[in-house]
Amino acid sequence: MKWLTIGAFAKACRLSPKALRLYDELDLLRPARVDPDTGYRYYAVEQLERARLVAWLRRLGMPLARIREVCGLPAGRAAQEIRAYWARVEAETAVRADLAAFLVDHLSGESRRETTTMLELRYAAHSDRGHVRPANQDTVYAGRRLLAVADGCGAAGARASAAAVDALKFLEDAELSAGTVLNLLEDAVRSADEAVRNVAEGDTDAGTTLTALLWTGSRLALVHIGDSRAYLLRDGELFRITHDHSVVQALIDEGRLTPAEAATHPQRMLLAKALSGGEPAVPDLKLHEARDGDRYLLCSDGLSRVVSDQRIRELLSGDGPADAVRVLVEAANAAGGDDNVSAVVADVVPRAHPL
Ligand code: MN
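Residues numbered from 1 in each chain as written. Predicted model: local features only at pLDDT ≥ 70, side-chain atom pairs only at ≥ 80, totals over all residues. Heavy atoms only, no water.

Engineer: When you look at the coordination of the manganese ion in this model, what are you seeing that I'm missing?
Structural biologist: Ideal coordination angles are 109.5 degrees for a metal with four donors arranged tetrahedrally and 90 or 180 degrees for a metal with six donors arranged octahedrally. Here the manganese ion is held by Asp151 (OD), Asp301 (OD) and Asp339 (OD), and the distances to it run 2.1 to 2.2 Å. Written as a sequence motif, the donor arrangement for the manganese ion is D-x149-D-x37-D. In this pair, Asp151 is assigned in strand E6 (residues 146–153) and Asp339 in the loop between helix H13 (321–334) and strand E14 (341–350), connecting sequence segments 188 residues apart. Neither Asp151 nor Asp339 differs from the other in exposure class; each is buried. (Donors = N, O, S within 2.8 Å, 3.2 Å for Na, K, Ca; no water. Helix = DSSP H or I, 4+ residues; strand = E, 2+ residues; numbered from the N terminus. Buried < 20%, exposed > 50% of the residue type's maximum accessible area, 1.4 Å probe, protein only.)

Engineer: Is there a simple way to explain the environment of Pro280 in this structure?
Structural biologist: Along the polypeptide, Pro280 turns up in the loop between helix H10 (259–262) and strand E12 (284–289). Overall, Pro280 belongs to the exposed group, its relative accessible area being 58%. Pro280 sits 90 residues away from Arg190 along the chain, and the two C-alpha atoms are 7.4 Å apart.

Engineer: Sorry, what's going on with the packing of helix H12 (residues 309–316) against H13 here?
Structural biologist: Between two packed helices, what matters for the description is the angle formed by their axes and the separation of those axes. Where H12 contacts H13, the two axes come as close as 9 Å, and the packing angle between them is 145 degrees. Crossing hand, H12 versus H13: right-handed. Each of Ile312, Leu315 and Leu316 in H12 lies in contact with H13, whose residues at this interface are Ala324, Val327, Leu328 and Ala331. A class-by-class count of the residues in the contact of H12 with H13 yields seven nonpolar, no polar and no charged. (Axes fitted to C-alpha atoms, helices over the stretch in contact; angles between N-to-C directions. Left-handed = near helix turned anticlockwise from the far one by under 90°. Contact = heavy atoms within 4.5 Å. Nonpolar A, V, L, I, M, F, W, Y, C, P; charged D, E, K, R; others polar.)

Engineer: Please clarify how the pattern of salt bridges should be interpreted in this entry.
Structural biologist: Two side chains of opposite charge can pair, provided their charged atoms sit close to one another. The full count for this structure, using the stated rule, is 19 salt bridges. A salt bridge links Asp244 to Arg229; the shortest N-O distance between them is 2.8 Å. Residue Asp244 is located in the loop between strand E11 (237–240) and helix H9 (247–253), and its partner Arg229 is located in strand E10 (residues 229–234); the two are separated by 15 residues in the primary sequence. On the basis of relative accessible area, Arg229 is assigned to the buried category, the value being 12%. With a shortest N-O distance of 2.9 Å, Arg305 and Asp301 are connected by a salt bridge. For Arg305, a relative accessible area of 36% corresponds to the partly exposed category. (Salt bridge = Lys/Arg side-chain N within 4 Å of Asp/Glu carboxyl O.)

Engineer: Sorry if this is basic, but what is going on with the layout of surface pockets here?
Structural biologist: Where empty space is left can be seen by rolling a probe of water-molecule size over the atoms. Here the largest pocket defines a volume of roughly 810 Å³. In this structure, the largest pocket is lined by 35 residues; those nearest its centre are Val95, His245, Lys273, Val282 and Asp284. Within the residue set of the lining of the largest pocket, elements represented by two or more residues are helix H5 (75–108), helix H8 (181–200), strand E9 (219–225), H9 and E12. For the lining of the largest pocket, the leading source of residues is H5, giving eight residues. Taken together, the residues that form the lining of the largest pocket break down as 16 nonpolar, seven polar and twelve charged. Roughly 430 Å³ of internal volume is contained in the second largest pocket. Lining the second largest pocket are 18 residues, with Arg229, Asp244, Val248, Ala262 and Arg305 sitting closest to its centre. Those elements that provide at least two residues to the lining of the second largest pocket are H9, H10 and helix H11 (301–304). (1 Å grid on protein atoms, 1.4 Å probe; cavity = no way out; pocket = protein on both sides within 12 Å on 5 of 7 lines; lining within 4 Å. Points joined across faces, edges and corners; volume = space filled by probe spheres on them.)

Engineer: For this particular structure, what's the right way to read a nonpolar patch on the surface?
Structural biologist: Taken together, the side chains of Leu99, Leu103 and Leu107 make up a nonpolar region of the molecular surface, amounting to roughly 270 Å² of accessible area. Here Leu99 shows up in helix H5. (Patch = residues over 30% accessible without salt bridge, like charges linked within 9 Å, V, L, I, M, F, W, Y side chains within 5 Å. Areas by Shrake-Rupley, 256 points an atom, 1.4 Å probe, with all protein chains shown as cover.)

Engineer: Sorry, what's going on with the nonpolar core here?
Structural biologist: When a protein is soluble and globular, its nonpolar side chains tend to lie buried together. Counting residues in each nonpolar core, the largest one holds 34 residues, and the members touching the most others are Leu168, Leu171, Leu185, Leu210 and Leu275. Put simply, the parts of the chain that give this core at least two residues each are E6, helix H7 (157–166), H8, strand E8 (210–215), E9 and E12. With ten residues, the top contributor of residues to this core is H8. Residues Tyr23, Leu57, Val70 and Tyr85 belong to the second largest nonpolar core, which totals 25 residues. (Core = buried A, V, L, I, M, F, W, Y, C linked by side-chain atoms within 4.5 Å.)

Engineer: How should the sheet that holds E10 be read in this particular structure?
Structural biologist: Within a sheet, adjacent strands bond to each other through the backbone by hydrogen bonds, running parallel or antiparallel. Pairing is antiparallel in the open sheet, where five strands are placed in the order E4-E14-E13-E10-E11. Looking at the sheet topology across the chains shown, the edges are occupied by strand E4 (119–128) and E11. Put simply, the sheet's adjacent strands are angled 20 degrees from each other on average, direction ignored. In the sheet, E10 pairs with strand E13 (residues 295–299) via five bridges, with the strands oriented antiparallel. Note on E13: the bridge partner recorded for Ala230 is Leu298. The sheet contacts of H12 involve E10, E11, E13 and E14, and relative to E11 the element is tilted by about 125 degrees. Strands in contact with H13 are E4, E13 and E14; relative to E14, the strand with the most contacts, it is inclined by about 155 degrees. (Pairing = 2+ DSSP bridges.)

Engineer: Looking at this model, I keep getting lost on the packing of aromatic side chains. Mind explaining?
Structural biologist: Any aromatic ring pair is given by two values, namely how distant the centres are and how the planes are angled relative to each other. Taken as a whole, this structure holds two aromatic pairs when the rule is applied. For the ring pair Phe9 and Tyr43, a centre distance of 4.2 Å and an interplane angle of 5 degrees mean the geometry is stacked. Pair noted here: Phe9 is in helix H1 (residues 6–13) and Tyr43 is in strand E3 (residues 41–44), with a separation of 34 residues, a long-range link. Exposure remark for Phe9: the relative accessible area of 0% places this residue in the buried category. Aromatic pair Tyr85 and Trp86: ring centres 6.4 Å apart, planes at 55 degrees, arrangement tilted. Judged by relative accessible area, which is 9%, Tyr85 ranks as buried. Sitting above the plane of the Trp3 ring, Arg33 keeps its charged end 5.2 Å from the centroid. Seen from the ring of Tyr42, Arg33 lies directly overhead, with NZ or CZ sitting 4.8 Å from the centre. (Phe/Tyr/Trp six-rings, centres within 6.5 Å; stacked < 30°, edge-to-face > 60°. Lys NZ or Arg CZ within 6 Å of the ring centre and 35° of its normal.)

The analysis is restricted to geometry; functional conclusions fall outside its scope.
This is the structure we're talking about:
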């Protein structure tokens, strides 16, 4: 066997001797032999391949603990793990990109304000127990400035969703000056989380999703956590503007599951994130420039699970908000939905009484 000193080995695999010593300590890459007298580390030429893999995975930013797992796998499984890791990085980057866009928009949006204060929202909300569940655990709200859907779970689910939405209602009257929108939404989610903790009273299964839009006079700020959804109907096209925080969506993102498989997956109802009053979950934040003629829809999974996006688009393209929420809820029940079903629809329209 040909031995390499730590210096020669470091050079050959492009890792520093310092990194190699660390990887030895972490049991990630052990030298093939350590001289019992001098303590010098010696590596075998055969270890170069693993060392190079470690170096490349470090360059991807993969944490060392995960690298150790990947290195212990046969090549095919290792490839799968790397694909999954990268898909997760991209999903997280997308959320950060939204936040960056939010900030850019927020800090540069001042000059556009006066052109859009001529708009306002026209809205309606409807929530239905459905034909199967014994109680309605969804909560909806629609007001001049705030639109919200929350879908509670656990024995205290109904109280959890109601408490979360209640905790947001101060936004109807809050002073929305430049620079405060982000902080306000963060405060709102924190107080919603606290409110859920209070009603849960130690019931660890209790929790709720929360998807809400806050009208700033020219834009809509979205705050989202869980698997309720927000859609935008613009120029006849339907855009989904939220990403489900569900276990199956994470598996789809990682390429481990197809959307078709997800629809029947046994864990399809499990949330990856929710307001549960425990560890505070970080919500997604987004800012949408409002346009005259835009129509927004917020809904619980009782609608989106049983009515396709295509059908939602058709049903949403008709009459005013009050009729739209009614036909959407009816469609979910008619499709044999077994969940509570909720919808909030808001139109961006010219102000009835311009300021
Ligand atoms: Mn539901």
